[in-house]
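Structural overview for review
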Amino acid sequence: MKRLFVLAIGFFLFLNGSGQPVDSEIKIGKSLDSLTAAVACAHPEAARIGAEILKQGGNAIDAAVGIQWALAVCYPQAGNIGGGGFMVIRMADGTTNTLDFREQAPAAATEKMYQDENGEIVEGRSLDTHMAVGVPGSVSGLYESHRKYGKLPMEKLIAPAIDLAENGFKITANQASLLNQYKADFEARNKNAIPFFVTNKIWKEGDLIVQSNLAATLKRISKDGEDEFYSGRTAGLIIEEMKAGGGIITKADLANYKSIWRKPIESDFENYKIISMPPPSSGGVAIVQLLKMWEAAKTDGIAHNSVEYLHLITEMERRVYADRSVHLGDPEFYKVPVSELLDQKYLNVRMGNFDASLATPSKDIEAGKFQKGKESTETTHLCVVDAEGNAVSVTTTLNGHFGSKIMVVGAGFFLNNEMDDFSSKPGTPNMFGLIGGEANSIQPEKRMLSSMTPTIVEKDGNLFLVAGSPGGSTIITSVFQTVMNTAVFDMNLKEAIEVPKFHSQWLPDVIFMEENRFEPELLDSLKALGHEIDFFPSLGRVDAILVNPNNTLQSCGDPRADDTTAGY
């Protein structure tokens, strides 16, 4: 009788671990196949919420917005309302767009604000203090994307996040470890109590965290819209925090912030089309440069992750990151030579000194010339494809784990430390080891260069892949390898994400490889070519959705972390 009842209504609701109702038709896991609609993101609670929004009639943009609100609660190390990010959109009719809601420098920012009287960098000022905070863009981005493309009321999209904050969510084992790791920083940088630090408390998997102040903030935003964040009570709390800690963000900085719609970076690659983020992201330009270099190289017969493959890709990456260091920045402040950087003749010249039998020292690789007319991974990515075929790829960040680790008193959210992504001093590396110059120098109201690379790929004119990753400077190479694995090496999505990754970025002059995932003989062969090798426990945490030949979806959350996919 009960089975007949269930069949009659089509589905029933059951409770998950947090006590939230879940549609029984929604699947949740690390890797799923044969789906009609799908989401992939950094936390299982947010994935569930995104899938439920899709099931309730929301489109891909609605689900992406709902996931981001949820990540601000249940993934505080990177999910945020105190940071910023980028969104790439491809609608079912093939139209594309990108939204820049990157943080920007306050009006009082100066080029040498992180240097002392002798011109030396003051350690920690651009990372650990109120001076490190850029004007947040996430709330603006969520409202702007929803205004243009959303279907469901914003109040409905924020409601699940409010519920998570008010009633609590259970932390994962990874989150417990991270909270314990940063306990001293939370205590040192916050005079008031915060939900993530309790004296003598050792966090463990399954502990419940309630965020009452954040719930109140989200309720105010739900009621009064983005103006609440940028000129209302929440804005006032941000300014009070700035004044208390010596920060320079003002009421005018918040009130004047606007997200920007930008023309995507688009380029053909064999029978594929790449749709990615333009500057101030460096990701779209870099991905296309790498693919064009690969296409021009003699690559027939090169096996995946072979010595020849790793050597060639490393040499390509060194040249692309050298270009990044000089030529990329905020296009509102610096004329970024995008067309020149993507010109095939220029790229052929860049690879002109490539030697298949010898590594090129980075000191011999300068940024290209033409006529102009250790690693924190705490960024987070999400992907959505709805039943109609609309697709969204979103990467957001606080920069470091939990950003500056400074929580706005009374508002319940962390502030970013994104100002470190500027070039604090030409030639001096930031926290990711990336070098920069004039193009990415600090200027008032300028947006800092980013490696975030939300990307969508078409195949023969149809949607093929939606992908992105956290990982600082390794974002670009993680996304690039995922595109290569699926488009060139015909891997299914699970395999494409799970296979060992590697990364090189010009300086330091090293290939970073995932530890214990490459054969010793391969490493010896790379060293014989002149490459220096170092190891990371893992590189990138790619979340992606792939369209099968029958138009169903594969969806995968990276097994390297808590990333989860959900759909129906």
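Residues numbered from 1 in each chain as written. Predicted model: local features only at pLDDT ≥ 70, side-chain atom pairs only at ≥ 80, totals over all residues. Heavy atoms only, no water.

In the UniProt entry, the feature "active site" (unreviewed entry) is given for Thr 379. Assignment of secondary structure puts Thr 379 in strand β13 (residues 379-385). With sequence-adjacent residues up to four places away left out, Thr 379 is seen in contact with Ala 78, Thr 395, Thr 396, Thr 397, Met 452, Pro 470, Gly 471, Ile 475 and Arg 541. For Thr 379, the side chain forms a polar contact with the side chain of Thr 397, separated by 3.1 Å. (UniProt positions renumbered as here; feature names shortened; annotations may be inferred. Helix = DSSP H or I, 4+ residues; strand = E, 2+ residues; numbered from the N terminus. Contact = heavy atoms within 4.5 Å. Polar contact = N/O pair within 3.5 Å; in protein donor to acceptor, adjacent residues only side chain to side chain.)

Further remarks concern the packing of helix α5 (residues 154-167) against helix α8 (residues 212-224). Helices that pack against each other are described as a pair by the angle of their axes relative to one another and the distance between those axes. One way to put it is that α5 packs onto α8 with a least axis distance of 8 Å and a crossing angle of 165 degrees. It follows that α5 is roughly antiparallel to α8 by the angle criterion. α5 and α8 meet at a crossing whose hand is left-handed. Residue-level inspection shows Glu 155, Ile 158, Ala 161, Ile 162, Ala 165 and Glu 166 of α5 in contact with α8, the latter providing Ser 212, Leu 214, Ala 215, Leu 218, Lys 219, Ile 221 and Ser 222. Of the residues assigned to the contact of α5 with α8, the class counts are 8 nonpolar, 2 polar and 3 charged. (Axes fitted to C-alpha atoms, helices over the stretch in contact; angles between N-to-C directions. Parallel < 35°, antiparallel > 145°, perpendicular 65-115°, else oblique. Left-handed = near helix turned anticlockwise from the far one by under 90°. Nonpolar A, V, L, I, M, F, W, Y, C, P; charged D, E, K, R; others polar.)

Here the focus is the UniProt feature "binding site: L-glutamate" (unreviewed entry) in the chain. When the UniProt feature table is mapped onto this chain, "binding site: L-glutamate" (unreviewed entry) is found at Arg 102, Thr 397, Leu 398, Asn 399, Asp 421, Ser 450, Ser 451 and Gly 472. Mapped onto the elements, Leu 398 comes out in the loop between β14 (391-397) and β15 (455-459). The exposure class assigned to Leu 398 is buried, which follows from its relative accessible area of 1%. Secondary-structure assignment places Asn 399 in the loop between β14 and β15. At 3.0 Å, the side chain of Asn 399 forms a polar contact with the backbone oxygen of Asn 417. (Buried < 20%, exposed > 50% of the residue type's maximum accessible area, 1.4 Å probe, protein only.)

Now for the sheet that holds strand β3 (residues 27-29). Overall, antiparallel pairing links the 8 strands, which are arranged β3-β22-β5-β13-β14-β6-β7-β10 in an open sheet. Only two strands of the sheet have a single neighbouring strand rather than two, namely β3 and β10 (260-262). For this sheet the average axis-to-axis angle between neighbouring strands, irrespective of direction, equals 15 degrees. Packing of helix α3 (residues 60-74) onto the sheet brings it into contact with β5 (38-41), β6 (84-90), β13 and β14, and relative to β13 it is tilted by some 150 degrees. (Pairing = 2+ DSSP bridges.)

Before going further, it helps to examine the domain arrangement of the chain. Per the domain assignment, the segments of the chain are domain 1 (44-258 + 378-426) and domain 2 (262-375 + 453-567). Once you take the C-alpha centre of each, domain 1 and domain 2 turn out to be 27 Å apart. Across the contact surface, domain 1 and domain 2 share 2 salt bridges. Between Asp 100 and Arg 262 there is a salt bridge; the shortest N-O distance is 2.9 Å. (Domains from an automatic or database assignment. Salt bridge = Lys/Arg side-chain N within 4 Å of Asp/Glu carboxyl O.)

Next up on the list: the pairing of strand β20 (residues 543-547). Counting buried positions over the 5 residues of β20 gives 5, a clear majority of the element. Because side chains alternate across β20, one face comprises the buried residues Asp 543, Ile 545 and Val 547, and the other comprises Ala 544 and Leu 546, equally buried. Where β20 lies against strand β21 (residues 553-557), 5 bridges are found, and the strand directions are antiparallel. Across the sheet, Asp 543 pairs through a bridge with Gly 557, a residue of β21. Linking two consecutive strands that pair antiparallel, namely β20 and β21, is a turn of 5 residues; a positive phi of about 75 degrees is found at Asn 551 within it.

Across the sheet, 7 strands lie side by side as β4-β21-β20-β16-β15-β12-β11; this open sheet has antiparallel pairing. Of all strands in the sheet, those with a lone pairing partner are β4 (31-35) and β11 (265-269), marking the two edges. This sheet shows a mean twist of 15 degrees between the axes of neighbouring strands, independent of strand direction. Across the sheet, helix α12 (residues 283-296) is in contact with β11 and β12 (272-276); its angle to β11 comes to roughly 15 degrees.

Right, let's talk about the packing of helix α2 (residues 44-55) against α5 for a bit. Relative to each other, α2 and α5 sit at 150 degrees, their axes nearing to 10 Å. One way to sum up the angle between α2 and α5 is to call them roughly antiparallel. Every pair of crossing elements has a handedness; the one defined by α2 and α5 is right-handed. Contacts between α2 and α5 pair Glu 45, Arg 48, Ile 49 and Ile 53 from the former with Leu 157, Pro 160 and Leu 164 from the latter. Tallied by class, the residues present in the contact of α2 with α5 amount to 5 nonpolar, no polar and 2 charged.

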